[in-house]
Each structure stands twice: as structure tokens, then as C-alpha cells.
Amino acid sequence: MEGKTQKTCRFCQGKGKDPFELLSALSTCQVCAGRGVIEVKEPSRECVFCGGSGVYPNTRLTCTVCNGKGFVTVPEKSVICSSCGGTGAEFESGLPCLQCGGLGVCRAETRKGR
Ligand SMILES: [Zn+2]
Ligand SMILES: [Zn+2]
Ligand SMILES: [Zn+2]
């Protein structure tokens, strides 16, 4: 029960159909299996890498960071990723940031003192 939220599938925008009709116009959405909704573990937030669209930028593929859901689960105590500045993408390559995995945030250091 605890820790999961149902959200509208961003890849198909809740329609349950493949938005790009790659195989056929009747193809079901591969992200939500045609249900139109997906489940995300909390704490969740919109995927910064694809802007919550579920689509890998400039492609017709599912976003590799959120797997097409448009939402990602982030660490409970998180800080803005210093490597990508919170965009989730590497500046030069445009690939998902290696440090945060494209989340835009990293687990906050829990170490105390120095
Ligand atoms: Zn879907
Ligand atoms: Zn994404
Ligand atoms: Zn990063």
C-alpha cells in the first residue's frame, strides 16, 4: 500500500496506445501495457531528463531515465546534482548524467563533520 502512487502514463498520455505507432496504430503502449496509468515509488518527481514527457529527447524511444513513465523515484534526502546542475543531462553529450543517472539529484551525503 505504502510508497506507491498511480499516475497517468506520460509516454502515451494515458491513452494506452503507442504514441508513435511504430508497429501499428493499434499497438499498445509499452510503458503502461495499455492501461494508461503507471505506478511510481515515492518520493517521486517529474523526470527532468525528458521533461516529464517519457520520451527520450529528440527520439521516438522511451526515456531511459524514467523508462517512459515521466516520473522517477528520487532519494529521500537529495541534493541538486553538482555534475549536471539538476538538468539530468551531461552538458556536452546530452546523455543522462553519469553522476545522478539522469535524475538531476543525488543522495545527500549523510556523513557528519570531516
Ligand atoms: Zn502508456
Ligand atoms: Zn524521463
Ligand atoms: Zn547529474
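Computed from a predicted model, the values in this text were never measured in an experiment.

### Quick notes on the overall build of the protein chain
- For the protein chain, the helix and strand inventory stands at 0 helices and 6 strands.
- Scanning the protein chain from its N terminus toward the C terminus, one meets helices and strands in the order β-β-β-β-β-β.
- Sorting the 114 residues of the protein chain into buried and exposed places 32% on the buried side.
- A separation threshold of at least 6 residues defines the contact pool for the protein chain, and within that pool the share at least 24 residues apart is 50%.

### Considerations on the environment of Gly51
- Counting through the fold element by element, Gly51 comes out in the loop between β3 (44-46) and β4 (71-73).
- On the neighbour-count criterion, Gly51 (14 C-beta atoms within 10 Å) is partly exposed.
- Each C-alpha atom, one on Gly51 and one on Arg107, is 21 Å from the other, the two residues being 56 residues apart in sequence.

### A closer look at the nonpolar core
- In this structure, Cys47 and Val65 are the most contacted members of the largest nonpolar core, which totals 26 residues.
- For this core, the elements supplying multiple residues, two or more each, are β4 and β6 (105-107).
- Counting the residues that make up this core, at least three belong to each of domain 1 (1-73) and domain 2 (75-114).

### Section: the domain arrangement of the protein chain
- The domains assigned to the protein chain are domain 1 (1-73) and domain 2 (75-114).
- The centre of domain 1, based on its C-alpha atoms, is set 22 Å off from the matching centre of domain 2.
- Facing the 6 residues of domain 1 at the interface are 10 residues of domain 2.
- Considering only residue class, the side of domain 1 that touches domain 2 consists of 5 nonpolar, 1 polar and no charged.

Cut-off values and rules
- Residues numbered from 1 in each chain as written.
- Chains lettered and ligands numbered in written order.
- Predicted model: local features only at pLDDT ≥ 70, side-chain atom pairs only at ≥ 80, totals over all residues.
- Helix = DSSP H or I, 4+ residues; strand = E, 2+ residues; numbered from the N terminus.
- Buried ≥ 20, exposed ≤ 12 C-beta atoms within 10 Å, placed from the backbone.
- Contact = placed C-beta atoms within 7 Å.
- Core = buried A, V, L, I, M, F, W, Y, C linked by C-beta atoms within 7 Å.
- Domains from an automatic or database assignment.
- Nonpolar A, V, L, I, M, F, W, Y, C, P; charged D, E, K, R; others polar.

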